[in-house]
Each structure stands twice: as structure tokens, then as C-alpha cells.
Amino acid sequence: MKFAVVVFPGSNCDHDAYHAAKHVLGQQAEYVWHKETSLRGADVVILPGGFAHGDYLRTGAIARFSPVMAAVAEFAAGGGPVVGICNGFQVLAEAGLLAGALQKNAGLKFLCRTVECTVVTDRSVLTRGLAPGTTLQLPINHFEGNYTCDAATLERLRAQDQIVLRYTENPNGSLDDIAGISNEAGNVVGLMPHPERACEAILGSADGASLLGAFLAAAGARVTAA
Amino acid sequence: MKARVFVTLKPSVFDPQGRTIADALHSLGYTGVGDVRQGKYFELEVDAKSADEATRLVGDVADKVLANPVIESYRVEIEQ
């Protein structure tokens, strides 16, 4: 499988995502600069963490207009697997590819620690094959991870099984303890925790590898079916 | 022409910064201050022939970029 790791000016987890794709999962990986208009035939796309465009105006607000985002939207509309991690989640929300918005943490503190998350559904490309209820130790590293949306949207997310991960202990005020969501089809996922930084035991947890492994398997199944 | 755009969080959205400021003001003894909501203020220099045209232009910019309609609303003022 070929991974595209989108790089915005200010992305800083692009190398982590590249490392996880290439060296942990053993797949092809390529950086795609935000000015590019093509994903170069990638099978999966990762929008990495960081501070795209300095997070000026709002997190992800400028990045959503980067030329590469039209290609990402088209790829997603065609069912292509896309995962946005941390800042990548914020970009997907601003771009309207995922519902809701990420606000400043309720405690107004930048949070950098490992938290426990629970898999809510196996419907998304990031959790396919993982039993709901599975708990994962994943690092978070954000100031704006407080997920919010209106009541009707939350109702829809629940009804359509779009909540992918929940925090066991809510660290940031996120609505309904949401740590990650998907779009309606399940092929676009955004999450605040960093699975790509928790893929090797030496880094404190390898639980992230099960998410990225599921992502890879889902992408493989899609390519095989086509 | 100059335009001013005031972006504020929708009333239903919790504003942790505003709450912190209110708490600080209360601890300073400003008991006459109730709730505080923090927002953003933009000044735009616009090229438009009329106030209506400027309002439309700036409204478009605010809808698309300056405000996130999921959590924010905005108000535009045009100075001729």
C-alpha cells in the first residue's frame, strides 16, 4: 500500500506518520507538499499533526484552502481511506469532511500525556476488525482537542455509529468524551490522540499500531475489491 | 472602504477563555462583571463601490474564512 503523508507548513508529526507507515507497517510512504494538487496515486492518506499555517485564525482554517485539500476531498468522496491525526483532525473538521469543530481545551492547558481510549465502533477504516470496548493507551498532545458540535449533529453521530474512539477519562472537555469520529461512510476518520507515536513498545505503548494496522487492512481490502 | 468584522462564539458554545477572564475579574473584586465572552475583531480594507457591495463581499469572506459556522457567528460594520 502507498501512504501519502500530507505536509503543510507547520506540520510537525509528518515524520512520525512516515516512520509508522514505512518502518512499522513496512509500506511505501511519500510526503505530499500542501501545494501539490495530486496525491500521486496513494492508496491511503494521512493528515498529520502539527500547527499547519501556524494555526493562525483557527486551527486548520487556512490549511483547508491548501491546494492539496481538493485532491483529499475528491479521494475521500471516492471512498479513499483518510485519517487526520490531531491537527489533521482539525483540518478535516474545518474542511467540512468531518462534522463539528475542535475548541480550546476546557482547562485551557496544553495537554501532553498518555490517555486511555476505548474503541466505540469497528465500522471506521481505523478500527475495522477491532472489538468495540477494546482499550488503547495513546498519547495526546494538543491545546485544541475539545470536540464540539450541536445537539442534532451529536445525535446523528451516535445514531450512525460515527463515534470511533472515546476517552476513558475526559482530558479536555470534549463533548460525549469524543476522541475520534468518522464521516458517514466511515472512510474518513479524525482523532486527537496520536497512534503513529505509539507503535513501538520502546515509545511507551504499541497500541497505536493496532489502529494503523486496521487502517492498512481496510485500505488493502478496498484495493483488492477494486 | 473599511469594514469591521466581529466574530463571537455562538451562545450555546462554552468559552473557556471567557470563563477564565470572568473568574480573574471576580477574584480582583469586580463583582459587577457577570459572564465574559471572548471574540475576534478584524479590520478589512475593501474595494467596493457601495456599502451594500462591501457588506456582501465581507459577508462572503466571513462565511468562508473568518468565522467557523459550526461554533461562531459574526457581525459586519462598514465605515464609508
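Residues numbered from 1 in each chain as written. Chains lettered and ligands numbered in written order. Predicted model: local features only at pLDDT ≥ 70, side-chain atom pairs only at ≥ 80, totals over all residues. Heavy atoms only, no water.

Some remarks on the overall build of chain A
Regarding its fold elements, chain A presents five helices and eleven strands. For a compact globule of 226 residues, the expected C-alpha radius of gyration is about 17 Å, and chain A comes in at 16 Å, within 12% of that figure. Evaluated residue by residue, chain A yields a buried proportion of 55% over its 226 residues. Relative to all contacts within chain A whose residues are 6 or more apart in sequence, the contacts with residues 24 or more apart total 73%. For chain A, the exposed surface amounts to about 8500 Å²; the carbon and sulfur share of it is 53%. Positive and negative charge centroids in chain A, built from 16 and 21 side chains respectively, lie 4 Å apart. (Helix = DSSP H or I, 4+ residues; strand = E, 2+ residues; numbered from the N terminus. Rg over C-alpha atoms; globule rule 2.2 N^0.38 Å. Buried < 20%, exposed > 50% of the residue type's maximum accessible area, 1.4 Å probe, protein only. Contact = heavy atoms within 4.5 Å. Areas by Shrake-Rupley, 256 points an atom, 1.4 Å probe, with all protein chains shown as cover. Lys, Arg positive; Asp, Glu negative; His and termini not counted. Charge placed at Lys NZ, Arg CZ, Asp CG, Glu CD.)

Some thoughts on the packing of aromatic side chains
Inspection of every chain in the model, using the stated rule, returns four aromatic pairs over all chains. Ring plane angle 15 degrees and centroid distance 6.2 Å describe the contact between A:Phe89 and A:Tyr147, whose orientation is recorded as stacked. Note that A:Phe89 is positioned in helix α3 (residues 87–94) and A:Tyr147 in strand β8 (residues 146–148), a separation of 58 residues in sequence. Consider the rings of B:Phe6 and B:Tyr41, whose centres lie 5.2 Å apart with planes at 35 degrees: the pair is tilted. Of this pair, B:Phe6 sits in strand β1 (residues 2–9) while B:Tyr41 sits in strand β2 (residues 39–45); the two residues are 35 residues apart in sequence, bridging distant segments of the chain. (Phe/Tyr/Trp six-rings, centres within 6.5 Å; stacked < 30°, edge-to-face > 60°.)

With respect to the environment of A:Leu157
All names here are of chain A. Residue placement: Leu157 occurs in helix α4 (residues 151–159). The exposure class assigned to Leu157 is buried, which follows from its relative accessible area of 2%. Separated by 58 residues in sequence, Leu157 and Phe215 place their C-alpha atoms 20 Å apart.

Digging into the pairing of strand β3 (residues 44–47) of chain A
Residue and element names in this part refer to chain A. Of the two faces of β3, both are covered, the one formed by Val44 and Ile46 as well as the one formed by Val45 and Leu47. Across three bridges, the pairing between strand β1 (residues 2–7) and β3 is parallel. The partner of Val5 across the bridge, within β3, is Ile46. Read as a crossover between parallel neighbours, the route from β3 over helix α2 (residues 68–77) to strand β4 (residues 82–85) is right-handed. (Pairing = 2+ DSSP bridges. Right-handed = clockwise from strand over helix to strand, strands pointing away.)

Focus on the sheet that holds strand β10 (residues 178–182) of chain A
Residue and element names in this part refer to chain A. The strand order β2-β1-β3-β4-β11-β10-β9-β6-β7 describes an open sheet built from nine strands, whose pairing is mixed. Taken across any chain shown, the strands that pair with only one partner, and hence form the sheet edges, are β2 (28–33) and β7 (135–142). Averaged over neighbouring strand pairs, the angle between their axes works out to 25 degrees when direction is ignored. Strands β3, β4, β10 and β11 (188–191) of the sheet are contacted by α3, whose axis makes an angle of about 115 degrees with β4. Running at roughly 100 degrees to β7, helix α5 (residues 207–225) makes contact with β1, β3, β4, β7, β9 (163–167) and β11 of the sheet. (Axes fitted to C-alpha atoms, helices over the stretch in contact; angles between N-to-C directions.)

A closer look at the interface of chain B and chain A
Contacts between chain B and chain A engage 16 residues on the former and 13 residues on the latter. Summed over both sides, the interface between chain B and chain A buries roughly 1200 Å², with carbon and sulfur atoms accounting for 63% of that surface. Along the contact surface separating chain B from chain A lie one salt bridge. The salt bridge involving A:Arg58 is made with B:Glu72; its shortest N-O contact spans 3.7 Å. (Buried area = accessible area lost by both parts, 1.4 Å probe. Salt bridge = Lys/Arg side-chain N within 4 Å of Asp/Glu carboxyl O.)

Quick word on the layout of surface pockets
For the largest pocket, the calculated volume is near 420 Å³. Around the largest pocket, the lining comprises 24 residues; the ones closest to its centre are A:Arg58, A:Lys104, A:Glu144, B:Lys40 and B:Glu72. Those elements giving two or more residues to the lining of the largest pocket turn out to be α3 and β5 (101–103) of chain A together with β1, α1 (16–27) and β2 of chain B. Its residues assigned to classes, the lining of the largest pocket comprises eight nonpolar, eight polar and eight charged. (1 Å grid on protein atoms, 1.4 Å probe; cavity = no way out; pocket = protein on both sides within 12 Å on 5 of 7 lines; lining within 4 Å. Points joined across faces, edges and corners; volume = space filled by probe spheres on them. Nonpolar A, V, L, I, M, F, W, Y, C, P; charged D, E, K, R; others polar.)

Notes on the side chain of A:Asn87
Residue and element names in this part refer to chain A. On the secondary structure map, Asn87 appears in helix α3. Look at Asn87 and you get buried, because its relative accessible area is 1%. Within the structure, Asn87 has its side chain in polar contact with the side chain of Asp55 (distance 3.2 Å). A polar side-chain atom of Asn87 sits 2.8 Å from a polar atom in the side chain of Gln90. Those residues within four positions of Asn87 in sequence are excluded, and the remaining contacts are Pro48, Gly49, Gly50, Phe51, Ala52, Asp55, Thr59 and Gly60. (Polar contact = N/O pair within 3.5 Å; in protein donor to acceptor, adjacent residues only side chain to side chain.)

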